[in-house]
Amino acid sequence: MLEIKNIYKAFGNNEVLKGVSLKVEKGDVVVILGPSGSGKTTLLRSIDFLEKADAGEIIFDDIHAEFARISKKTISQIRKKTAFVFQNYNLFHNKTALQNVTEGLIIARKLPKEKAIEIGKRALDKVGLSERYDYYPSQLSGGQQQRVGIARAIAVNPDIILFDEPTSALDPELIGEVLGVMKELAKEGTTMIVVTHEMHFAQDVANRVVFMDGGRVVEEGTPDEMFSRPKEERTRQFLRRILPDFDYVI
Amino acid sequence: MELNTKFMIETFFDALAGIPVTLKLTLITLLVSAPIAFFMALGKIEKRKIAGKLISGYVSFIRGTPVVLQILFLYSLLPTLLNYLVKDVLGLSFNVFQLDTILYAYIVFVLNTTAVLSEVFRSALLTVGHGQMETALTIGMTKRQAYIRIIIPQAVVSALPNICNATIGLLKSTSLAFMMSVQDVTAIAKVKAAYGYNYIEAYLDICFVYIVLCSAIQLVFKLIERYACAYKKSSRTKGGALYARNKEYI
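Residues numbered from 1 in each chain as written. Chains lettered and ligands numbered in written order. Predicted model: local features only at pLDDT ≥ 70, side-chain atom pairs only at ≥ 80, totals over all residues. Heavy atoms only, no water.

A. Here's a closer look at the interface of chain B and chain A. Contacts between the two partners involve 21 residues from chain B, matched on the other side by 23 residues from chain A. For the pair chain B and chain A, the summed buried surface comes to about 2000 Å²; carbon and sulfur atoms form 58% of the total. Summed over the shared surface of chain B and chain A, the result is two salt bridges. Residue E103 of chain A pairs with R149 of chain B through a salt bridge whose shortest N-O separation is 2.4 Å. In this assembly, chain B and chain A are joined by seven residue pairs in polar contact (both at pLDDT 80 or more). For the side of chain B that touches chain A, the secondary-structure elements that each account for two or more residues are helix 6 (130–138) and helix 7 (143–173) of chain B. For the side of chain B that touches chain A, the leading source of residues is helix 6 of chain B, giving seven residues. Across the side of chain B that touches chain A, the residue classes tally to eight nonpolar, eight polar and five charged. (Contact = heavy atoms within 4.5 Å. Buried area = accessible area lost by both parts, 1.4 Å probe. Salt bridge = Lys/Arg side-chain N within 4 Å of Asp/Glu carboxyl O. Polar contact = N/O pair within 3.5 Å; in protein donor to acceptor, adjacent residues only side chain to side chain. Helix = DSSP H or I, 4+ residues; strand = E, 2+ residues; numbered from the N terminus. Nonpolar A, V, L, I, M, F, W, Y, C, P; charged D, E, K, R; others polar.)

So this is what it looks like as structure tokens:
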């Protein structure tokens, strides 16, 4: 469904992505792991054109484009098929929870207001915020804000949702509620790419795990392969550090 | 020393007659400057290279010179320049020196206020943060829609205290219009005072007038702020995040 081929991106002299390729099929939950600075977030942001990649190709269903020469029209086509959930939620502060969800539907997708509100309420119900339609972001906890962020993402009925460290900014207590919603989505067959440090989420929910380091994909495989039989030394090193009790079988 | 109270009361009412001119100078200047300043701020933020440089140069120049100097300069330069343009270049028989001198006052104050407000707007637009713009883009809104619906409404709110400052600063600097023989509050009082050397009385009068005017402006802005901040309902926003933080940790 979505394929990224050989993507390159540099910030000045700092090469962040050095030829990364990634393939996602419908229904996949791909978790990208890696130390900070490995390019995970940049990869995700490049897929939604929040960063302009220097080279590489993107194939999304029947759209086929090169990053370096992409037109505004293609960008907006691909953005219509995707949704993005940010690390720091990025809710619109001047809009209520419900307005945050309906804004894109009404303004960008030109849905009639009543229809948008209906969809918006359903999305918020799904993430367990049916009591919070008219709350402003400043009145919501971090976990609730992120769930609004997820509701906003699912409301547009995207083919794929990109999650950029959705729980990193949350209190440990609030992480569970967000991961719970994501798990639910995965069960329903939502296609997702998730950058995260939540190893348990990767183990339980992902059907593919990609390990990145230094702007390259070091290794990828099923969670089982990756967590119990990683092939590369670099992967083992990383997993050992992040999971102290990690015990792999050779 | 004794104050001439009779003169003082008389002059006070005379000076009141100058209030419309003072307010007119302030309001029209604001109305003309604000939109220009806004687009200048936008030009700088969106990194238009040449425009950005020009704007920076302009702002530095205006901020680097005293208003009095700008008045002296323009007031002696502009009429002659205009006269040359009208008579010699355009060949019209229009007498430039008949123009109301308030026109030059408007020009000086607009030049000044535009520079001040462009920085006010720029900092206000930056407070909204890039994240919300990115979100708007990922849900398919155009940059323009994002500015109009998300960024600007928030920027205006955070700019209000500084706009209030700029307005008060402007109102006070309109007192310099007397140098261009504009009959504002200050000019009227000065003329009256010169007649019988009752300067102290006259100055006390207009001191009072300016205090009342400036207080009124502050009050108006306070009301606007209360209305516009409706979306920042949580207790956290009372006095800003810093306030809350101090309370928690001290």
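B. Spotlight on the nonpolar core. Residues and elements named next belong to chain B. L25, F121, L125 and V182 are the most contacted members of the largest nonpolar core, which has 64 residues in total. Here this core gets 13 residues from one element, more than from any other, and that element is helix 7. Setting aside residues up to four positions removed in sequence, L125 forms contacts with F38, A41, L42, I45, Y147, I151 and A155. (Core = buried A, V, L, I, M, F, W, Y, C linked by side-chain atoms within 4.5 Å. Buried < 20%, exposed > 50% of the residue type's maximum accessible area, 1.4 Å probe, protein only.)

C. Structural context of the packing of helix 4 (residues 113–126) of chain A against helix 5 (residues 142–155) of chain A. Residues and elements named next belong to chain A. For the pair helix 4 and helix 5, interaxial distance at closest approach is 9 Å and the crossing angle is 130°. Between helix 4 and helix 5, the interaxial angle falls into the category oblique. Along this stretch, helix 4 crosses helix 5, giving a crossing that reads as right-handed. Across from I119, A123, L124 and K126 in helix 4, the residues of helix 5 making contact are V148, A151, I154 and A155. The residue inventory of the contact of helix 4 with helix 5, partitioned by class, reads seven nonpolar, no polar and one charged. (Axes fitted to C-alpha atoms, helices over the stretch in contact; angles between N-to-C directions. Parallel < 35°, antiparallel > 145°, perpendicular 65-115°, else oblique. Left-handed = near helix turned anticlockwise from the far one by under 90°.)

D. Region of interest: the packing of helix 7 of chain B against helix 9 (residues 199–228) of chain B. Residue and element names in this part refer to chain B. In contact at an axis separation of 10 Å, helix 7 and helix 9 are set at 165° when each is read in the N-to-C sense. The orientation of helix 7 with respect to helix 9, classified from their angle, is roughly antiparallel. Regarding helix 7 and helix 9, the two cross each other, and that crossing is right-handed. Within the contact between the two elements, helix 7 uses V157, L160, P161, I163, C164, T167, I168, L171 and K172 and helix 9 uses Y210, L213, C214, I217, Q218, F221, I224, E225 and A228. For the contact of helix 7 with helix 9, a count of residues per class yields 14 nonpolar, two polar and two charged.

E. Here's a closer look at the pattern of salt bridges. Residue and element names in this part refer to chain A. For the coordinates displayed, the defined rule picks out 21 salt bridges over all chains. For K95, the salt bridge identified is with E103, shortest N-O distance 3.8 Å. Looking at K95, the relative accessible area reads 11%, which means it is buried. According to the relative accessible area criterion, E103 is buried, its value standing at 4%. K126 is paired through a salt bridge with E188; the nearest N and O atoms lie 2.8 Å apart. Of this pair, K126 sits in helix 4 while E188 sits in the loop between helix 6 (172–187) and strand 8 (192–195), placing them 62 residues apart in sequence.

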